[in-house]
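Fold and contact review
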Amino acid sequence: MEITVKKIGESEKEYIEIGCHRKDERVDEIVRFIRSREGILKGTKEDRQYNIPLPDILYIEAVDEKTFIYLQNDCYESGRRLYEFEGVLISRNFARISKSVIVNLMKIDSIRPSLNGRFSCVLTNGEQVIISRKYVPDIKERLKGGSV
Amino acid sequence: MKEHLQTQLAGFFISVTLITAAMFILGLFFQPDLRFGYEAFAYPLIYGVIGSVPGLLMYSKKELTLKQTLIREFIQMSLIIVLIITFMFGRFKNIPELIPQIIGVSVSIVIIYVLVHFFGWLMDLKTAKVMTEDLKRFQQKASGGSE
């Protein structure tokens, strides 16, 4: 297998391209490894532990002392508390949008008004999560050009 | 609390405008020949303040569900109707004769209440549009793309 590393300009978006005859387990493994370099969280599902790449996470929600990590079509449980995630993920394009939810800003498709001065985020899978009034000014500030 | 006060303040000013319009329409309908002094300018402000009281007193830090929000809004609107009707007609003794006016005022309060929320929602719609545009720029910047 030939490996090519090409230097590109600062203004260009970094990318990794894999040329393969077919997308098999070997390719999936390489993709998983690359994604893990962008950060991972550990989550459990049916008593098995999984490494979840940060870019795949839609949002993290705390429900009755438990924390759940939601992906496009999957959900994992975590033993960590929401505030612990907040500390780690705030610099990784995630933001706290309510008392119980941290959302991946990269997975929001649009923002809509909701009742009572609140807003809701429409995620890439069509799910909606509420931005509570308290967090609206922080989110506005963050999106306006705050820390990326 | 700050956000709640801002929402209430915006609601107050929208209410005052709509109350003025309602007074004009109801006045023309029920008592077209009635004349007022300068104190008439104060009434929309007074009704606006009365209308804001339940919203200020019923503030809760808790994040309410959609159902809880709707129930709260209904209670709040009912309280406003009771307060304003009491303020406007409480001193009169011939209440049965005033039933048409009381119904007219109550209906106006319901319409104004719905409209205040509708205009508030329109303002939020504009804010959401700006936030979505900022979000797209944020996502483009974060993923390394140029603007």
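Each value, and the rule that gives it
Counting restarts for each chain: residues are numbered from 1 in the order of the written sequence. To label them, take the chains in the order written and letter them from A, then take the ligands in the order written and number them from 1. Per-residue local features are limited, in this predicted model, to residues with pLDDT of at least 70; the limit for side-chain atom pairs, both in listing and counting, is 80 or more; totals at the level of whole chains, interfaces and linings are taken over all residues. Working from all heavy atoms in the structure, the side-chain values ignore hydrogens and water. We call two residues in contact when some of their heavy atoms are within 4.5 Å. The buried area of a pairing is the accessible area, by a 1.4 Å probe, that goes missing from both parts when the two are put together, added over both. By convention in these notes, a salt bridge is any Lys or Arg side-chain nitrogen within 4 Å of a carboxyl oxygen on Asp or Glu. Contacts described as polar in this section are N or O atom pairs within 3.5 Å, which, within protein, must combine one atom able to donate a hydrogen with one able to accept it, while residues neighboring in sequence count only if both atoms come from side chains. Strands are runs of DSSP state E lasting at least two residues, helices are runs of H or I lasting at least four, and both sets are numbered from the N terminus onward. The residue classification treats Ala, Val, Leu, Ile, Met, Phe, Trp, Tyr, Cys and Pro as nonpolar and Asp, Glu, Lys and Arg as charged. All others, Gly included, are polar. Two aromatic rings from Phe, Tyr or Trp, using only the six-membered ring of Trp, form a pair when their centres are within 6.5 Å; if the ring planes differ by under 30 degrees the pair is stacked, by over 60 it is edge-to-face, and anything between is tilted. Three labels apply to residues, based on accessible area from a 1.4 Å probe with only protein chains included: buried if under 20% of the type maximum, exposed if over 50%, partly exposed otherwise in between. Pairing between strands is defined by DSSP: at least two bridges between the two strands are required.

Moving on: the interface of chain B and chain A. With 28 residues of chain B at the contact, the number on the chain A side is 31 residues. Three residues, E63, M131 and F138 of chain B, lead the burial of chain B against chain A; their summed loss comes to 26% of the area buried on that side. For the pair chain B and chain A, the interface holds 2 salt bridges. Between K136 of chain B and D109 of chain A there is a salt bridge whose closest N-O contact spans 3.9 Å. Our count for the chain B to chain A interface comes out at 5 residue pairs in polar contact (both at pLDDT 80 or more). Broken down by element, the residue count for the side of chain B that touches chain A peaks at 15 residues, all from helix 4 (residues 99-142) of chain B. Across the side of chain B that touches chain A, the residue classes tally to 12 nonpolar, 9 polar and 7 charged.

Looking now at the packing of aromatic side chains. All names here are of chain B. Counting across every chain of the model gives 9 aromatic pairs over all chains. Seen from their ring centres, F29 and F30 are 5.1 Å apart, and the 85 degrees between their planes marks the pair as edge-to-face. Taking the relative accessible area as the measure of exposure, F29 reaches 65% and is therefore exposed. Here F30 falls in the partly exposed class, since its relative accessible area comes to 29%. With centroids separated by 6.5 Å and ring planes inclined at 50 degrees, the aromatic side chains of F89 and F92 adopt a geometry described as tilted. Classification of F89 as buried rests on a relative accessible area of 8%. Cluster of aromatic residues (ring-pair linked, three or more members): Y43, Y47 and F87.

This paragraph deals with the pairing of strand 7 (residues 101-104) of chain A. Residues and elements named next belong to chain A. The alternating pattern of strand 7 places V101 and V103 on one face and I102 and N104 on the opposite face, and all of these are buried. In this structure, strand 3 (residues 57-63) lies alongside strand 7, joined through 3 bridges in antiparallel fashion. Counterpart to Y59 in the pairing with strand 7 is V103. Counted along the chain from strand 6 (residues 94-98) to the antiparallel partner strand 7, the turn is 2 residues long.

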